[in-house]
Amino acid sequence: MSMRHSWKGFLKLSLVTVPVKAYPVAVSGAEIHLNQLHGCCKSRIKYKKTCPLHGEVASSDIVSGYEFATDQYVVVDPDELDQLRTESDKAIQIDAFIRTGTLDAIYAAGKSHYLVADGPVAYKGYAVLRRGMVDERRQAIAQVVMHGKEQLVWLRPLDGLIVMTQLSYDNQITKPGALADVVCKTEVVAEELQLLRTLMATRTPEKFDLARYQDRYTQKLTQLIEAKVAGKEIIAAPMATPMQVINLVEALRQSVAATQQTASKKEKPDALSAKKKNSGKTKPAGGRKVAIVPAAVA
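What counts, and at which threshold
Residues numbered from 1 in each chain as written. Predicted model: local features only at pLDDT ≥ 70, side-chain atom pairs only at ≥ 80, totals over all residues. Heavy atoms only, no water. Helix = DSSP H or I, 4+ residues; strand = E, 2+ residues; numbered from the N terminus. Buried < 20%, exposed > 50% of the residue type's maximum accessible area, 1.4 Å probe, protein only. Contact = heavy atoms within 4.5 Å. Areas by Shrake-Rupley, 256 points an atom, 1.4 Å probe, with all protein chains shown as cover. Polar contact = N/O pair within 3.5 Å; in protein donor to acceptor, adjacent residues only side chain to side chain. pLDDT = per-residue confidence, 0-100. Pairing = 2+ DSSP bridges. Salt bridge = Lys/Arg side-chain N within 4 Å of Asp/Glu carboxyl O. Phe/Tyr/Trp six-rings, centres within 6.5 Å; stacked < 30°, edge-to-face > 60°. Lys NZ or Arg CZ within 6 Å of the ring centre and 35° of its normal. Patch = residues over 30% accessible without salt bridge, like charges linked within 9 Å, V, L, I, M, F, W, Y side chains within 5 Å. Expected span 1.5 Å × (residues − 1).

1. Overview of the overall build of the protein
Part 1: Along its length, the protein carries six helices and 13 strands.
Part 2: The 298 residues of the protein split such that 17% are buried.
Part 3: Taking contacts inside the protein between residues at least 6 apart in sequence as the whole, the part at least 24 apart equals 63%.
Part 4: For the protein, the exposed area adds up to about 24000 Å²; of that, 56% sits on carbon and sulfur atoms.

Written as structure tokens, this is what we have:
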């Protein structure tokens, strides 16, 4: 496995202890980061770590310390901090099991990690715990110390693994009741609801695949950067005029018709696409103008 784990400890349930490693779920580095430049000369703005006595210092020469009096510090070594962790601090302590669907995702406000069995000694305990959660349709609430603070986490089985997601505490969440005075209480008409059901049915795929969704903003930003690097003139795409919704029922009817029409087109072979496919390579368009347009939505 090329990935590096970000945490190592134990998954504990009463007297059962399973050594585990935690691997981040989110992939870093996919975003495009823009640097800050000086507007006059386009030089990059730098943030240097400096010491008033020795000037710029390397990150390896920097230590952590606590100011116990004005300009007086006590240095705290990372190894000393690690020694403060007790066995319980190094463990994900399962406190309770809950039925799948009990916890609303609104509480899942933090990062997620895959928990993986750490070595052969952990295989049996990990497999039994994960299988039990799957068979009984259970998830778990646990507590763990990560990054120097105690965190509430949500454990759930997924594709042979156990996923751990950081939760917000109950007092950190704004309850729906706080917005009771602005909740919509409009009457729902049967015809409107039936049209919505039809629209929902036409937009419900047999098998949902999240991979079909792409970061279109990053794609357009990449096109813009590549075009500017190549010295091409950028032409803004014309803004589409939003359709005015005068009648909800009519808007729903048009939406259903448009969705059904799109679905029928997907089922039929595209003659134009087939023609292009058989015609071989096409010559690139001339000129140096590039239009940055929104990515097509399926």
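So, next bit.
2. Notes on the side chain of Ser112
Part 1: Tracing the backbone shows Ser112 in strand S8 (residues 112-117).
Part 2: Polar side-chain contacts of Ser112 include one of 2.7 Å to the side chain of Thr165.
Part 3: Aside from chain neighbours lying at most four places away, what touches Ser112 is Tyr23, Pro24, Val25, Val163, Met164 and Thr165.

3. Here we look at the confidence of the model for the protein
Part 1: With 80% of its residues at a pLDDT of 70 or more, the protein shows a mean pLDDT of 80.
Part 2: Segment residues 280-287 is flagged for pLDDT under 50; beyond a separation of four residues in sequence, or across chains, it makes zero contacts in the model.
Part 3: Low pLDDT, under 50, characterises residues 293-298; the predicted model gives this stretch 11 contacts beyond four residues in sequence or across chains.

4. Quick word on the pairing of strand S2 (residues 16-24)
Part 1: Looking at chain direction, strand S1 (residues 7-13) and S2 are connected through seven bridges and run antiparallel. The residue of S2 that forms the bridge with Gly9 is Val20.
Part 2: As consecutive antiparallel partners, S1 and S2 are separated by two residues, and within that stretch Ser14 has a phi angle of approximately 55 degrees, a positive value.
Part 3: Where S2 meets S8, five bridges bridge the pair, whose relative direction is antiparallel. Along S8, the bridge assignment pairs Pro24 with His113.

5. Quick word on the pattern of salt bridges
Part 1: Evaluation of the coordinates by the stated rule reveals five salt bridges.
Part 2: The salt bridge partner of Asp118 is Lys8, with a shortest N-O separation of 3.7 Å. Of the two residues, Asp118 is situated in the loop between S8 and helix H2 (120-135) and Lys8 in strand S1; the sequence distance between them amounts to 110 residues.
Part 3: For Asp118, a relative accessible area of 18% gives the class buried.
Part 4: According to the relative accessible area criterion, Lys8 is partly exposed, its value standing at 48%.
Part 5: One connected set of salt bridges, linked through shared partners, spans Lys8, Lys21 and Asp118.

6. Some remarks on the packing of aromatic side chains
Part 1: Applying the stated rule across the entire model yields zero aromatic pairs.
Part 2: Stacked on the ring of Trp154, the Lys or Arg Arg156 has its end atom at 4.4 Å from the ring centre.

7. Re the pairing of strand S6 (residues 72-76)
Part 1: Bridging between strand S5 (residues 64-69) and S6 involves five bridges; their strand directions are antiparallel. In the sheet register, Tyr66 faces S6, and the bridge partner there is Val74.

8. Side note on the side chain of His113
Part 1: Counting through the fold element by element, His113 comes out in strand S8.
Part 2: Residue classification places His113 among the buried positions, given a relative accessible area of 9%.
Part 3: A polar contact of 3.4 Å, which involves the side chain of His113, links it to the side chain of Ser6.

9. Examining a nonpolar patch on the surface
Part 1: On the surface, a cluster of nonpolar side chains totalling about 350 Å² of accessible area is made up of Val188, Leu193, Leu196 and Met200.
Part 2: Positionally, Val188 belongs in the loop between strand S11 (161-167) and helix H3 (190-202).
Part 3: Val188 sits in the exposed class, given a relative accessible area of 56%.

10. Some points on helix H4 (residues 216-229)
Because each turn of an α-helix spans 3.6 residues, side chains separated by three or four positions end up pointing in the same direction.
Part 1: For H4, built from 14 residues, the straight-helix expectation of 20 Å at 1.5 Å per residue is met to within 8% by its first-to-last C-alpha distance of 20 Å.
Part 2: Looking only at H4, the buried set comprises Thr218, Leu221 and Ala227.
Part 3: Once H4 ends, the next one or two residues include Gly231, with phi positive near 75 degrees.

11. Structural notes on the environment of Lys48
Part 1: With respect to the helices and strands, the residue Lys48 is situated in the loop between S2 and strand S3 (50-51).
Part 2: On the basis of relative accessible area, Lys48 is assigned to the exposed category, the value being 55%.
Part 3: Separated by 10 residues in the primary sequence, Lys48 and Ala58 have C-alpha atoms spaced 9.3 Å apart.

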